[in-house]
Amino acid sequence: MPADPPDLARHEPALLVWADYQLPAWVRGKLDPADLVQQTLLEAVRAPDRIAGRPDHEVLAYLRRALANNVIDAARKFARDRGAVAPDALAASSVRMADWLAADHTSPSERADRNDRFARLATALAALPDAQRIAVEMRHLQGMKVADIARALDRSEGAVSLLLHRAVTALRGLLADA
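What you see is a predicted model, and the numbers here were worked out from it, not measured in a lab.

(A) Quick look at the environment of Glu137. If you trace the backbone, Glu137 turns up in helix H8 (residues 130-141). The sequence separation of Glu137 and Tyr21 amounts to 116 residues, and the corresponding C-alpha distance is 8.2 Å. Once you skip the residues sitting within four places of it in the chain, Glu137 turns out to touch Asp20 and Gln142.

Laid out in structure tokens, this is it:
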């Protein structure tokens, strides 16, 4: 009798953050990041031999690679011309997060710990109100300045600063409880 498939749904919040960060803006009008996450999870369920018996951090790494491939495929599909999408450019869009998640000089246990922290952070981000979550993602994942965030969200800089303060306070509380 085959083993039960791993609980992949618990990786969904982390994958959603990853997909949201990687998916080019011009593709979002045609495809939701959540659709790519669902496609990635479905592909993993259909090929259980690729992740069966693997430690949790390796499963998450496999899912991230599969999601990155799905993002590249989607971008190519919706590109105006075939040369418009460079896989290197898409991969570079998530370099900051990838560096944070897995550095060559870290041990497997350190990478597993980092993956676990990323998954908890993604879950906590998903629990924030949309405005706070978007402000945090723009500031800390995309490296935008408060003034640029204010323009993008059509809010004052003071309002964005308050959103960021409330979001960070809420994240600290959520992560302390986790």
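(B) Region of interest: the pattern of salt bridges. What the rule picks out here adds up to three salt bridges. Among the ionic pairs, Glu58 bridges to Arg54, the shortest N-O distance being 3.6 Å. When its relative accessible area of 48% is taken as the criterion, Arg54 is described as partly exposed. We note a salt bridge from Arg133 to Glu137, for which the minimum N-O separation is 3.4 Å. Here Arg133 and its partner Glu137 are both found in helix H8, four residues apart, which amounts to about one turn of the helix. Taking the relative accessible area as the measure of exposure, Glu137 reaches 9% and is therefore buried.

(C) Seen up close, the nonpolar core. By size, the foremost hydrophobic cluster in this structure holds 41 residues, and its most contacted members are Leu8, Leu15, Leu36, Leu63 and Leu67. Here this core takes eight residues from helix H4 (residues 56-78), the largest share from any one element. Every residue in contact with Leu63, bar those within four places of it in the chain, is listed here: Leu8, His11, Leu15, Thr40, Leu41 and Ala44.

(D) Seen up close, the environment of Ala34. Its location among the elements puts Ala34 in helix H3 (residues 33-46). Taking relative accessible area as the criterion, Ala34 reaches 27% and is therefore assigned partly exposed. Residues Ala34 and Asp20, 14 residues apart in the sequence, show an inter-C-alpha distance of 8.2 Å.

(E) Spatial organisation of the packing of H8 against helix H9 (residues 146-153). Between H8 and H9, the least distance of the axes is 10 Å, while the angle of their chain directions is 140 degrees. Overall, the two elements H8 and H9 adopt an arrangement that is oblique. Seen along the crossing, H8 lies across H9 with a hand that is right-handed. Mapping the contact onto sequence places Ile134, Ala135, Met138 and Arg139 in H8 and Val146, Ile149, Ala152 and Leu153 in H9. Looking at the contact of H8 with H9, its residues break down into seven nonpolar, no polar and one charged.

About the cut-offs
Residues numbered from 1 in each chain as written. Predicted model: local features only at pLDDT ≥ 70, side-chain atom pairs only at ≥ 80, totals over all residues. Heavy atoms only, no water. Helix = DSSP H or I, 4+ residues; strand = E, 2+ residues; numbered from the N terminus. Contact = heavy atoms within 4.5 Å. Salt bridge = Lys/Arg side-chain N within 4 Å of Asp/Glu carboxyl O. Buried < 20%, exposed > 50% of the residue type's maximum accessible area, 1.4 Å probe, protein only. Core = buried A, V, L, I, M, F, W, Y, C linked by side-chain atoms within 4.5 Å. Axes fitted to C-alpha atoms, helices over the stretch in contact; angles between N-to-C directions. Parallel < 35°, antiparallel > 145°, perpendicular 65-115°, else oblique. Left-handed = near helix turned anticlockwise from the far one by under 90°. Nonpolar A, V, L, I, M, F, W, Y, C, P; charged D, E, K, R; others polar.

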